[in-house]
Amino acid sequence: MVALQAAGAVVAGIAPVATAWLTKLAFDRLAGAAPGGGPVAGLFAIALGLAVATLVTAVLPQVVQYAQGELLRAITLRSQATLYDALNRLPGLARFEDPDFRDRLQLAEQSGRQAPAQMVTSALGSARALLTMVGFVGSLIAIAPWMAGILGLAAVPVVWAELTISRTRARLARSTVQAVRRESFYAELLSGLRAAQEVRLFGLGRFLRGRMLGELTAVHDATRRLDRRELRVQGVPALLGAVVVAAGLVWAIHAAGQGRLGIGDIAVFVAAVAGCQSALTELVRTMAIAHQSLLLYDHYRAVITSPPDLVVPERVQAVPALRTGIELRDVWFRYGPDKPWVLCGVDLTIPAGRTVALVGLNGAGKSTLVKLLCRFYDPSFGSLSWDGVDYRGLRIDGLRGRIATVFQDFMHYELTARENIALGDLPAMQDPARLTAAARAVRLHDVITRLPRGYDTLLTRTFLDQRDGGDPETGVLLSGGQWQRIALARALLRDQSDLLILDEPSSGLDAEAEHEIHQRLRELRDGRTSVLISHRLSAVRTADVIVVLSQGRVVEQGSHDTLMAAGGHYARLFRIQAGGYRTGSPADAPPDARTGSPTGTPTGTPTGTHVGAHVGARFGTTEAPR
Ligand SMILES: Nc1ncnc2c1ncn2[C@@H]1O[C@H](COP(=O)(O)OP(=O)(O)OP(=O)(O)O)[C@@H](O)[C@H]1O
């Protein structure tokens, strides 16, 4: 495609000059001025040549445009693949939280799509314009050498102006990218489904629209300032060029009047001056585009060559199955050098085959600790080790392959139910038995089979399923708790994982489902190493070790009974929660709580489906304050 475009550029560059000279020959012959021949001799050949040149000039742009389209598609595919490969290679999360990196990424996405193709087409456009210019300048030298000189001088300020403007445009793209990103953010809130209900209920439409237009106006103001500058900077050279051309034409007509130029010479002169002007404009324009693309391409290069955000040594170890456990030694962590400490000297052991529960108030650092366990960040000080081997010496993908997690803010993928579950372990996509087993484990199988297309139902209504001929009725929206079960099924699909991390796995479940799923999870956790985070302390009481985090420190740890006996943070939190079920009228209180009879068992057997009864039963009442 590049070769085709290059050939096109050469032919398109020569065609106007050839046309001008053929026109001169034709005029000279017609005027009987051709040396050594009558006016008609050779006219047919000249006319044929002109016809071919006209045809080429007419058809070539379409062919070149098609070739450009193909080139653009090929380059876009390649550059996007390279960009997203580079992003996939970033092992941690830090870059994605860095506004500067996100700005660059936005520019990289844009310039990665456009810049390489623009550079190629602009280079070819410049070559074409240069060829035309050289041809016409040659023609002018033959007729009026001084005119070629003046045109050359007039070009200098034009080139300078365009290069300055292209540099400023590249700087403008960088300085307005935050506003552009914010504008897209507000636009997404206004047009997407995610925020639609809050936007409507709180009446945020006008407010968000105002913010969006504010960002857009800020970008427009900056662009307008540059456009005005461009007008000023480009206006003077353009005026100068027009004066030169006009003066040249006046001279040519005057010279023809005095018989110093023939009619053919006039034809070539007029074509050459106009051709030089437009070729120069084109040359400068394409050079400026290439220059600007090159400057913006820097962002693309910066993103695809950005170093990993975690230290990854040359030689890393494979990650063996967990035998003894995971150790955190004096772990300190903060999200950035200018951010407050989130974990402050955490010492913790997660013994293989045991369940460790993390509890603590909002913001205590529980989810942060999970992120360190998945090695999305490295601790600022201290270390984590897997069977005694420092996390930093392990293969990151190997480590993550051994972990199954339900994150607190798990993903709702706008894909089918099958895909939503199978994303937990991609090979399972083709293994219905594994998918249904995971779905059954979280009481989701029956829900899915009742969907319009079962496991192949799209869990979104914002896309159409092409297999249904775009029938909008087939996509469904799940409830919050059903989505939570999808996320659980996704994690359970990794049934061979060594470490199961559940960060608030049941916050959206109804009481019955929560009880049943926790029981199922307990079975699944049995003998597996797991970390469980839950604000519902009834769910964590059966953990082997309960660790209480407060302001980034481990303030207590032990079994439920030990911690209750110690009467510290955990006991206080537990009593607050248990008390919550005991307030109100005696008729509303759980029967066991009312009587104070010790109905709670370690696994918590509900005495009925009444929510209060159920939860009260799971809390038990032996430790509840009277
Ligand atoms: N990506 C981040 N960048 C900067 N600060 C963060 C980030 N994530 C969390 N924090 C901060 O770290 C602290 C601990 O947050 P974390 O999510 O670990 O708490 P948590 O114990 O899981 O809380 P919760 O019970 O509310 O889920 C909070 O003060 C929070 O603002």
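These numbers were taken from a predicted model, which means no experiment stands behind them.

## Quick word on the domain arrangement of the protein
Taken as a whole, the protein is organised into domain 1 (2-145 + 234-302) and domain 2 (324-402 + 497-557). Of note, the centres of domain 1 and domain 2, computed from C-alpha atoms alone, are 63 Å apart.

## Details of the sheet that holds strand β2 (residues 341-351)
Taken together, 4 strands build an open sheet; the order of strands is β2-β1-β4-β5 and the sheet is antiparallel. Each edge of the open sheet is held by one strand with a lone partner, namely β2 and β5 (389-390). Here strand β4 (residues 381-386) pairs with β5 via 2 bridges, running antiparallel. In the sheet register, W386 faces β5, and the bridge partner there is V389.

## A short note on the packing of helix α3 (residues 99-143) against helix α4 (residues 145-191)
Close contact between α3 and α4 brings their axes to 14 Å; oriented N to C, the two are set at 175°. Relative to α4, the element α3 lies roughly antiparallel. On α4, the residues touching R102, D103, Q106, L107, V137, L140 and I141 of α3 are P145, M147, A148, A173, R174, V177, Q178, V180 and R181. Its residues placed into classes, the contact of α3 with α4 shows 10 nonpolar, 2 polar and 4 charged.

## Comments concerning the site of the ligand
Near the ligand, the surroundings consist of 13 residues, among which Y335, N362, K366, S367 and T368 are the closest. No other element matches helix α8 (residues 366-373), which puts 3 residues into the shell around the ligand. Grouping the constituent residues of the shell around the ligand by class yields 3 nonpolar, 7 polar and 3 charged.

## A word on helix α13 (residues 480-492)
Across its 13 residues, α13 extends 18 Å between first and last C-alpha, which sits within 8% of the 18 Å expected from 1.5 Å per residue. Regarding α13, the residues found buried are Q482, Q484, R485, I486, A487, L488, A489, R490, A491 and L492.

## A word on helix α7 (residues 263-304)
End to end, α7 covers 59 Å across 42 residues, agreeing with the expected 62 Å (1.5 Å per residue, within 8%). At L296, α7 shows its maximal kink, close to 25°.

## Regarding the environment of G8
Mapped onto the fold, G8 is located in helix α1 (residues 2-30). Its 21 C-beta neighbours within 10 Å are what place G8 among the buried residues. Through-space distance from the C-alpha of G8 to that of L48 is 21 Å; in sequence the pair is 40 residues apart. Aside from chain neighbours lying at most four places away, what touches G8 is L60, V63, V64 and A67.

## Structural notes on the sheet that holds strand β7 (residues 499-503)
If you walk across this open sheet you meet the 6 strands as β6-β7-β8-β3-β9-β10, and the pairing is mixed. Taken across any chain shown, the strands that pair with only one partner, and hence form the sheet edges, are β6 (403-406) and β10 (553-558). This sheet shows a mean twist of 15° between the axes of neighbouring strands, independent of strand direction. The strands touched by α13 are β6 and β7; relative to β6, the strand with the most contacts, the crossing angle is about 175°.

## Structural notes on the nonpolar core
Among the nonpolar cores identified, the biggest contains 73 residues, and A357, L358, I421, A489, I546 and V547 are the most heavily contacted of them. No other element matches the 6 residues that α13 contributes to this core. Setting aside residues no more than four positions away along its own chain, I546 makes contact with A357, V359, V540, Q557, G558, S559, H560, L563 and Y570. In this structure, A67, A155, I289 and A290 belong to the second largest nonpolar core, which totals 45 residues.

Conventions and cut-offs
- Residues numbered from 1 in each chain as written.
- Predicted model: local features only at pLDDT ≥ 70, side-chain atom pairs only at ≥ 80, totals over all residues.
- Domains from an automatic or database assignment.
- Pairing = 2+ DSSP bridges.
- Helix = DSSP H or I, 4+ residues; strand = E, 2+ residues; numbered from the N terminus.
- Axes fitted to C-alpha atoms, helices over the stretch in contact; angles between N-to-C directions.
- Parallel < 35°, antiparallel > 145°, perpendicular 65-115°, else oblique.
- Contact = placed C-beta atoms within 7 Å.
- Nonpolar A, V, L, I, M, F, W, Y, C, P; charged D, E, K, R; others polar.
- Near = placed C-beta within 6 Å.
- Expected span 1.5 Å × (residues − 1).
- Buried ≥ 20, exposed ≤ 12 C-beta atoms within 10 Å, placed from the backbone.
- Bend = angle between axes of the 7 residues up to and from the residue.
- Core = buried A, V, L, I, M, F, W, Y, C linked by C-beta atoms within 7 Å.

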